[in-house]
Amino acid sequence: MRESKKSKTIPMYIIVDDEDAGEPAPETIRKKTNNHRAARRNSVSAERYDPETDHGYEDEKIVHPKTDEQYKRLKDAVSDILIFQALDRDQITDVIDAMFEKICEPDEIIIKQNDDGDNFYVIDSGTYDVLVTTDNVEKRINTLINKGSFGELALMYNMPRSATIQAKSHGSLWAMDRTSFRRIVLKAAFKKRKLYEELLENVPILKSLEPYERMNLADALCTKEYDDGEVIIAQGDNAEGMYFIEKGTVCVDITSDTGDNTMPVGQLDSGKYFGELALINNKPRSANVRAVGGVKLAFLETESFERLLGPCLDIMKRNSEIYKTYADQTS
């Protein structure tokens, strides 16, 4: 089974971290002007992408055939790239299908500073220098060896290339064209925000949030997927966050202090939430939660919980007291 489940918390709009980044941050690069070589009247990177009006993604998916060995190599290569870790399993499959292999020769220029962005690249093998020219002086600011990615900034921010990437050895890259990148990564982020906003609007305890607060909360959520019977949280574990059920059902049970028996508490389905008790009380998990069939969850990590859900804490605390009373009565 092709699976892409990650335990990291990844916001929906994010750039790769410093270790894997191939280009400097966009705020450090001057935008195009008429005085720069990169400013062209019909510049492709200046084309604005609006995910809300793009309805062709499902009908125009790009698929580059791959062998099983190539598929595995590419899946391994993209598994640690943060901009993909907000995607669900089907979207990861779309990413892999849309990528094509590019063989590189020593000293080959892969992307050139100030050029328009055409592709996003994931390193499969080889060594690549990251070069930035300032005041006509070129400096090497990083070297990527056998892993990492580059080229996303120009595609995400409609900016010219902020660095030059040059191959220093034979190697291979996986490339995704600009249109596929935007339709998969940016459109997926847009759709996920809309979905999460609709999900959160139907959660009773969040009614006290202002619309902009729900929007911030939606941006802080990330998707996690679990298979039937898989443990989502285990009683006694430290809490890393709380969960909103996007799709599917989970069962909740409590293990006795002796560990001899397990008492069912109930089931939760789409639109419900769980995992907040340990965060409110600053204690280990008080119950086990398992997937019933395939489950898709929206996960909110602890720091975001404390920062974004302040207005809802009183309601959650009242609910936690009701739950505690129930647990005491049935224990």
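In what follows, the structure referred to is the one given above.
Just so you know, these numbers come straight off a predicted model, no measurement behind them. (Residues numbered from 1 in each chain as written. Predicted model: local features only at pLDDT ≥ 70, side-chain atom pairs only at ≥ 80, totals over all residues. Heavy atoms only, no water.)

1. Considering the overall build of the chain
Keep this limit in mind: Runs of E in the DSSP output that reach at least two residues are strands. Runs of H or I that reach at least four are helices, and both are numbered from the N terminus. The classification of residues rests on relative accessible area computed with a 1.4 Å probe and restricted to protein chains. Under 20% of the type maximum is buried, over 50% is exposed, and intermediate values are partly exposed. Here, residues are in contact when the closest pair of their heavy atoms is within 4.5 Å. Computed by Shrake-Rupley with a 1.4 Å probe, the accessible areas treat only the displayed protein chains as cover when residues are assessed.
Looking only at helices and strands, one finds 8 helices and 14 strands in the chain. Looking at the chain as a whole, 48% of its 331 residues are labelled buried. Long-range contacts, defined here as pairs at least 24 residues apart, represent 80% of the contacts in the chain between residues at least 6 apart. Of the roughly 17200 Å² of accessible surface on the chain, 47% is carried by carbon and sulfur atoms.

2. Some thoughts on the packing of helix α4 (residues 178–201) against helix α5 (residues 211–220)
Here is the rule: Axes, fitted as lines to C-alpha atoms, cover a helix only where it is in contact. Angles between the N-to-C directions of the axes lie from 0 to 180 degrees. Roughly parallel here means an angle under 35 degrees, roughly antiparallel means over 145, roughly perpendicular means 65 to 115, and every remaining angle is called oblique. Handedness of a crossing is defined here by the sense of rotation of the near helix relative to the far one, left-handed for an anticlockwise turn of less than a right angle and right-handed for a clockwise turn. Each residue is assigned to one of three groups, with Ala, Val, Leu, Ile, Met, Phe, Trp, Tyr, Cys and Pro labelled nonpolar, Asp, Glu, Lys and Arg labelled charged, and all others, Gly among them, labelled polar.
Contact geometry for α4 and α5: axes closest at 9 Å, N-to-C directions at 125°. In terms of axis orientation, α4 runs oblique to α5. For the pair α4 and α5, the crossing hand works out as right-handed. Side by side, α4 and α5 meet where R193, Y196, E197, L200 and E201 of the first sit next to R214, M215, L217, A218 and D219 of the second. Considering only residue class, the contact of α4 with α5 consists of 5 nonpolar, no polar and 5 charged.

3. Focus: α5
Note on helix geometry: an α-helix contains 3.6 residues per turn, so any two residues three or four positions apart are oriented the same way. For α5, the set of buried residues is E213, R214, L217, A218, D219 and A220. Where α5 is buried, its residues touch α4, β9 (222–226), β14 (288–301) and α7 (302–308).

4. Remarks on the sheet that holds strand β2 (residues 109–111)
Test applied: DSSP bridges decide pairing: two strands pair if at least two such bridges lie between them.
Reading across from one edge, β2-β7-β4-β5 is the order of the 4 strands in this open sheet, with antiparallel pairing throughout. What marks the edges here is a single partner per strand, and that holds for β2 and β5 (137–145). For this sheet the average axis-to-axis angle between neighbouring strands, irrespective of direction, equals 30°. Pairing between strand β4 (residues 127–134) and β5: 8 bridges, direction antiparallel. The partner of Y128 across the bridge, within β5, is L144.

5. Topic: the pairing of strand β11 (residues 241–255)
Bridge analysis of β11 against β14 gives 11 bridges, and the strand direction is antiparallel. Directly across from T249, in β14, lies its bridge partner V292. As paired strands, β11 and strand β13 (residues 273–274) are joined by 2 bridges and run antiparallel to one another. Paired with F244 across the strands is Y273, a residue of β13. The turn linking β11 back onto strand β12 (residues 262–268) is made up of 6 residues, and G259 within it adopts a positive phi angle of 80°.

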